[in-house]
Amino acid sequence: MKKSLLKQNSMLNIINNSLVDLPAPMNMSLWWNFGSLLGTCLMIQIITGLFLSMHYCPNSIYAFESIIHIMKDVNYGWLFRLIHMNGASLFFICMFIHIGRNLYYYNFLNLMTWMSGIIIFLMTMMTAFMGYVLPWGQMSLWGATVITNLISAIPYIGEMTVLWIWGGFSVDNPTLNRFFSLHFILPFIVLFLVIIHLLFLHDKGSSNPLGLNSNYFKIPMYPYFIIKDILGMFIMFILLILMCLLNPYIFMDPENFNIANSMITPIHIQPEWYFLFAYAILRTIPNKLGGVIALISAILILIILPLTNFYLMKSNKFYFFNQILFWWFVSIFLILTWVGAKPIINPFMNIAKIYSILYFSYFIFFNFINKLFDKIIFKYKLIF
C-alpha cells in the first residue's frame, strides 16, 4: 500500500514539476506556443488514426473502397478522415513555424534538444509519407513508386533494398501492408521521442526572445502559460474544423480521387505540399544519387547550426542583418515549395536551381555574418 502511494506521489511530483510549477521565462512570446500545439496535433493524429484503422482495409484491392466506406457509411467517419488528413498539414505548418522560431531566436544552441527535434522532424516526414500511400489513389501509388525508387541510387545495395521494401517487383499489396503497419507504429515512436525532447528541454530550461539567462526572471508554468497554451489549442482546433467543413480538400491532389492504376501514369507526379521544398531541390540535380544526397542534405544541414555557431549574443534581436537573412530564407522556402508543384519545364527548373543554391547558401551567410558582427562588437565594444 505504501509503495503504491509512493509511486502515485512520485508520478504526481513529476507531473507537477513538468506542468504546474515548472519555472518558465516570463517574457516568452506567442511563438513559444507552437511546441504545445505540435503535441496537440500529434495526439489528434493518433486518436483519429486509431479510429480510422478500425475500418480501413490495407489491401490493394479494397483500400480505396474502404476509404469511400469510411467517408459514406461509418458514423462521422467523414469527419475523422478529414481531421486526420488536414491535421497532417496543420502538423507540418506548426512544425515549420516551430523550427523557424528556433532559427530566428537561436534556440538551436541547446544541442541535445535541437538534435532530438531534428530526429522527430525526420520521423514525422517518414510517417506522413507512408500515410499518404494508404488511400491508394493514383498519386499515392506513383508518389510511393518515385520516392522509394530513390533508394536504388545507393551503390551496391540500393536496388536490392528497394525490392525488399516493395515486397516484389513494384509497389503493390505487400508494400501497402508494410506501410500501414509502419504508419501505425511510428507515431508512438515519435511520441516517445517527444518525451525525450521535453526531458532535454527541461534539463536546460526554456529560452526567451532576448536569449538572456532568465533564471532570475521566471514564473510558474501554471496558470500563466498553461492558459495561454490552452487558448492556442482552442484556436488551432477551431481553424482545423473550419478547414474540414469549408474547404477540406485544399491541400489534396485531385489525381488522388482516382483509384491506383499501375497502367496509367499521372502527367505530373508530386508529393504532399510539405515535401515540395525538398522535392524541388531533388529535381534540380540531373544525377540520381546526387539528387538523393541534395534531398537529405536539405534537412540534415540543420544539424550543423549548433556545431558551428558560437555567438556573443544569443538572439536574432541583436543581429539586424540576420533578421533580413531569416525572412529571405522564408521566401526561398516558399518559392521552392511553389516550384516543387510545377512541371519539370523552364522557367520553373531554372528558378528551382537558383533557389536551391540560395537555400544552402543561407546557412553559410548565417555563420559568416554572425561571426563578423561578433568581431565588430568585441573590437569596438559596441553596446545596443
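Everything below is about the structure printed above this text.
Quick caveat: nothing in here was measured; it's all calculated off a predicted structure. (Residues numbered from 1 in each chain as written. Predicted model: local features only at pLDDT ≥ 70, side-chain atom pairs only at ≥ 80, totals over all residues. Heavy atoms only, no water.)

A.B. asks: Teacher, can you tell me more about the packing of aromatic side chains here?
C.D. replies: Counted under the stated rule, the structure contains 32 aromatic pairs. With centroids separated by 6.4 Å and ring planes inclined at 45°, the aromatic side chains of Phe-91 and Phe-92 adopt a geometry described as tilted. Looking at Phe-92, the relative accessible area reads 1%, which means it is buried. For the pair Phe-184 and Phe-188, a centre-to-centre distance of 6.1 Å together with 45° between the ring planes defines the contact as tilted. Of this pair, Phe-184 and Phe-188 are both found in helix α8 (residues 173-204), four residues apart, which corresponds to roughly one turn of the helix. The partly exposed category is assigned to Phe-188, whose relative accessible area is 38%. Over the aromatic face of Trp-32 sits the side chain of Arg-101, whose NZ or CZ is 4.5 Å from the ring centroid. (Phe/Tyr/Trp six-rings, centres within 6.5 Å; stacked < 30°, edge-to-face > 60°. Buried < 20%, exposed > 50% of the residue type's maximum accessible area, 1.4 Å probe, protein only. Helix = DSSP H or I, 4+ residues; strand = E, 2+ residues; numbered from the N terminus. Lys NZ or Arg CZ within 6 Å of the ring centre and 35° of its normal.)

A.B. asks: Is there a simple way to think about empty space enclosed by the protein in this case?
C.D. replies: Unfilled space is identified by rolling a water-sized probe across the atoms. Under the defined criterion, the tally for this structure stands at two cavities of 30 Å³ or more. Its volume calculated, the largest cavity comes out at about 760 Å³. Lining the largest cavity are 33 residues; nearest its centre among them are Gln-45, His-84, Gly-131, Leu-134 and His-183. If you list the elements that add at least two residues to the lining of the largest cavity, you get α2 (34-53), α3 (63-72), α4 (77-105), α5 (111-133) and α8. Per-class residue counts for the lining of the largest cavity are 22 nonpolar, nine polar and two charged. The space that makes up the second largest cavity amounts to roughly 30 Å³. (1 Å grid on protein atoms, 1.4 Å probe; cavity = no way out; pocket = protein on both sides within 12 Å on 5 of 7 lines; lining within 4 Å. Points joined across faces, edges and corners; volume = space filled by probe spheres on them. Nonpolar A, V, L, I, M, F, W, Y, C, P; charged D, E, K, R; others polar.)

A.B. asks: Is there a simple way to explain the nonpolar core in this structure?
C.D. replies: Counting 97 residues, the largest nonpolar core has Leu-103 and Tyr-359 as its most contacted members. No other element matches the 14 residues that α4 contributes to this core. (Core = buried A, V, L, I, M, F, W, Y, C linked by side-chain atoms within 4.5 Å.)

A.B. asks: What is the right way to look at unusual backbone geometry in this model?
C.D. replies: Only a minority of non-glycine residues have a phi that is not negative, and only a minority of peptide bonds are not trans. Pro-223 follows Tyr-222 through a cis peptide bond whose omega is 5°. Mapping Pro-223 onto the fold places it in the loop between β2 (218-220) and α9 (224-246). Put simply, Asn-346 and Pro-347 share a cis peptide bond, and its omega is 10°. Along the polypeptide, Pro-347 turns up in the loop between α13 (320-340) and α14 (348-380). Here Tyr-76, not a glycine, exhibits a phi torsion of approximately 60°, which is positive. For Tyr-76, the location among the structural elements is in the loop between α3 and α4. Look at Trp-136: it is not a glycine, yet its phi comes out positive at around 60°. Considering the arrangement of structural elements, one finds Trp-136 in the loop between α5 and α6 (138-149).

Taken by themselves, the reported measurements are silent on function.
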